[in-house]
Amino acid sequence: MRYVIGVDLGTSAVKTVLVNPQGMVVCEHSEAYPLSRPEPGWSEQNPEDWVQGTFSSLRRLMEKSGIDPSAVDGLSFSGQMHGLVLVDATGQVLRPAILWNDTRTTAECRKIEATLGAKLTEIARNRALEGFTLPKLLWVQSHEPEVLSQASLFLLPKDYVRYRLTGNYAMDYSDAAGTLLLDVGAKEWSAGIAGAFGLPLSLCPELVESFDLTGTLLPESAAACGLLPSTKVFAGGADNACGALGAGVLGEGKTMCSIGTSGVVLSYESNKDLNLEGKVHFFNHGEKDAYYIMGVTLAAGHSLTWFKETFAADQSFNELLQGVASIPAGSGGLLFTPYLVGERTPHPDATIRGSFIGMDSGHTLDHFTRAVLEGITFSLRESIEIVRESGKVITEVIAIGGGAKNETWLQMQADIFGADIVKLESEQGPAMGAAMLAAHGSGWFASLAECADAFIRRAEVYTPQPQQVETYNGLFGLYQEVYGQTRELNRSLAAYRK
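So, how was this worked out
- Residues numbered from 1 in each chain as written.
- Predicted model: local features only at pLDDT ≥ 70, side-chain atom pairs only at ≥ 80, totals over all residues.
- Heavy atoms only, no water.
- Helix = DSSP H or I, 4+ residues; strand = E, 2+ residues; numbered from the N terminus.
- Rg over C-alpha atoms; globule rule 2.2 N^0.38 Å.
- Buried < 20%, exposed > 50% of the residue type's maximum accessible area, 1.4 Å probe, protein only.
- Contact = heavy atoms within 4.5 Å.
- Pairing = 2+ DSSP bridges.
- Axes fitted to C-alpha atoms, helices over the stretch in contact; angles between N-to-C directions.
- Phe/Tyr/Trp six-rings, centres within 6.5 Å; stacked < 30°, edge-to-face > 60°.
- Lys NZ or Arg CZ within 6 Å of the ring centre and 35° of its normal.
- Salt bridge = Lys/Arg side-chain N within 4 Å of Asp/Glu carboxyl O.
- Expected span 1.5 Å × (residues − 1).
- 1 Å grid on protein atoms, 1.4 Å probe; cavity = no way out; pocket = protein on both sides within 12 Å on 5 of 7 lines; lining within 4 Å.
- Points joined across faces, edges and corners; volume = space filled by probe spheres on them.

A. Main features of the overall build of the protein. The number of helices and strands found in the protein is 17 helices and 24 strands. In terms of overall size, the protein behaves like a compact globule, its C-alpha atoms giving a radius of gyration of 22 Å where 498 residues would be expected to give roughly 23 Å. Referenced to the eigenvectors of the C-alpha coordinate spread, the extents of the protein come out at roughly 65 × 55 × 45 Å. Relative to its full complement of 498 residues, the protein shows a buried share of 59%. Considering only residue pairs separated by 6 or more positions, the protein has 72% of its internal contacts joining residues 24 or more positions apart.

B. Fine view of the pairing of strand β2 (residues 13-19). Of all 7 residues making up β2, 5 are buried, and the element is well covered by its neighbours. In terms of strand pairing, strand β1 (residues 3-9) meets β2 through 6 bridges, oriented antiparallel. Of the residues in β2, the one forming a bridge with Val7 is Thr16. Connecting β1 to the antiparallel partner β2 that follows it, the hairpin turn spans 3 residues. Here 7 bridges tie β2 to strand β3 (residues 25-32), and the two strands are oriented antiparallel to one another. Note that in β3 the partner of Ala13 across the bridge is Ala32. The antiparallel hairpin formed by β2 and β3 contains 5 residues in its connecting segment, where Gly23 sits at a positive phi of about 80°.

C. Focus on the sheet that holds strand β18 (residues 281-284). Read across the open sheet, the 7 strands follow the order β18-β19-β17-β16-β22-β23-β24; overall the sheet is mixed. Edge positions in the open sheet fall to β18 and β24 (458-462), since each of these has one partner strand only. Neighbour-to-neighbour, the strand axes of this sheet turn through a mean angle of 30°, independent of strand direction. Across the sheet, helix α14 (residues 407-417) lies against β16 (255-259), β22 (396-401), β23 (420-424) and β24, angled at about 145° from β23, the strand it touches most.

D. How the structure looks around the packing of aromatic side chains. Enumeration according to the criterion identifies 18 aromatic pairs in this entry. For the ring pair Phe283 and Tyr292, a centre distance of 5.8 Å and an interplane angle of 75° mean the geometry is edge-to-face. The same class applies to Phe283 as to Tyr292, namely buried. An angle of 70° between the planes, with centres 5.1 Å apart, marks the rings of Phe356 and Phe368 as edge-to-face. Placement of Phe356 in strand β21 (residues 355-357) and of Phe368 in helix α13 (residues 365-389) is noted, with a sequence separation of 12 residues between them. Of the two residues examined, Phe356 and Phe368, each falls in the buried class. The residue whose ring lies beneath Arg104 is Trp42, and the NZ or CZ to ring-centre distance is 3.6 Å. Lying across the ring of Trp139, Arg104 places its NZ or CZ 4.5 Å from the centre.

E. Layout of unusual backbone geometry. Along the chain, Thr345 connects to Pro346 via a cis peptide bond; the corresponding omega equals 0°. Within the secondary structure, Pro346 sits in the loop between β20 (335-337) and β21. The phi dihedral of Leu180 falls on the positive side, at around 70°, and the residue is not glycine. Note on placement: Leu180 falls in the loop between α7 (173-176) and β10 (182-183). At Asp289, a position not held by glycine, the phi torsion is positive, near 60°. For Asp289, the position within the fold is in the loop between β18 and β19 (291-297).

F. Just the pattern of salt bridges, in detail. Evaluation of the coordinates by the stated rule reveals 25 salt bridges. For Lys187, the salt bridge goes to Glu209, with nearest N and O atoms at 2.9 Å. Residue Lys187 is located in the loop between β10 and β11 (188-189), and its partner Glu209 is located in the loop between β12 (207-208) and β13 (213-216); the two are separated by 22 residues in the primary sequence. The pair Lys187 / Glu209 is uniform in exposure class, with both members buried. Taking the relative accessible area as the measure of exposure, Lys187 reaches 14% and is therefore buried. One continuous salt-bridge network, built from bridges that share partners, spans Glu44, Arg95, Asp102, Arg104 and Glu144.

G. Expanded view of helix α15 (residues 430-441). The first and last C-alpha atoms of α15 sit 16 Å apart over 12 residues, in line with the 16 Å expected at 1.5 Å per residue. In terms of residue burial, α15 counts as a mostly covered element, since 11 of its 12 residues are buried. Listing the buried residues of α15 in full gives Pro430, Ala431, Met432, Gly433, Ala434, Ala435, Met436, Leu437, Ala438, Ala439 and His440. A positive phi of about 90° marks Gly443, the residue just after α15.

H. Main features of the layout of surface pockets. The computed volume of the second largest pocket comes to approximately 190 Å³. If you go around the second largest pocket, you meet 13 residues; those closest to its centre are Ala247, Gly248, Lys254, Asp453 and Ile456. Secondary structure elements with two or more residues in the lining of the second largest pocket: β23 and α16 (448-455). If one sorts the elements of the lining of the second largest pocket by residue count, α16 sits on top with 3 residues.

Below you can see the structure in the form of structure tokens.
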């Protein structure tokens, strides 16, 4: 029996999965690491924590599985997007990584917009948002020029970990698309964007396909991971691109909804010239010469986690959600907006904040819990509607992540989206996508589509219920009014959050 390994480098933990040629996960292991918030709105991590967490997770995976290391053909990565890692000429990290959910770069975003205007979305196909990498580079340029002057390269999180495993630098197109420095259609670094801000192109690493071989394990790294130095390491992809692979989103009409810390609606796109003017994200896929349209809710699962820890800390998630099915659609007139850390789609707004509207003394914990789930799902529907407006017909959505683990929430997604929701038999999300890249790169399958046919199996389909659909259509219209009516109030309240 042969195996491949998928490594999913997330924001709170790294997860490793061992997968056989039938797509079965025979073993998995996770290692958590800390997140630092040294200033309001800042979010940083120590890249060494990723490395040691990955080494430990791989070692424990091999120990738990008991397989011979010679049976592992290769490994690949899924990684949290946008995070800035700066290294010097010797590969040393120059400062803590600035993460995707860091919001310190509003001024830099405005500078990018003023400098580039419409050229930004023509080339990079995305708006300047605080989470992206270029604003982070400009923040370092402005606030820590001595750090940038020492920098030889910038990397994204998984690319730094892969460098530590192999000694080689590279970045795949799907992750590079989230930097705002890539000409997404041409698949090359944009000299025009970099030059507009005095950034040398030498800061940008070599570009590769997600399934390209990027080396084998350094002897010391192999020993730390419990693997052989001959183990092949493939480039990997952005977490959402890998999530799309793991959900089988590999052709026109394929759409997925992933609910983790953030929430994502992602639809396959083959037209490289499509320009949606930044209304949603447009990124390179893990599949060669393919793309995807994506909308993001910043605080999806995070909203539910915040709610549980704040109001039901003594309950498990399963206990918290038990009573949700008994509450009618609409939560008794209670509406929640999940803007706890700002929003991205369709409102790129770092200052907006969440709300409960319509509270009365008859509402119980179950009403509030259902309202949180509905608010998260309404936010994701806003992205689905933008994708539909681009000409896509969405009648079926593949659910992955935390939102795929609860039957009531799955049915709620079907009713709010107005589409069939597909639950997969074995849902591993981005980790499975990473394993698929390693399987295709290792020659197990001639294409990623062929790999998906072998690895991915449907378990259940949830169909929209007409009465519930009608109720939610009315509530969705009310939900859409909240942002505009509270935007200025939220900006005024921002001064009191410090």
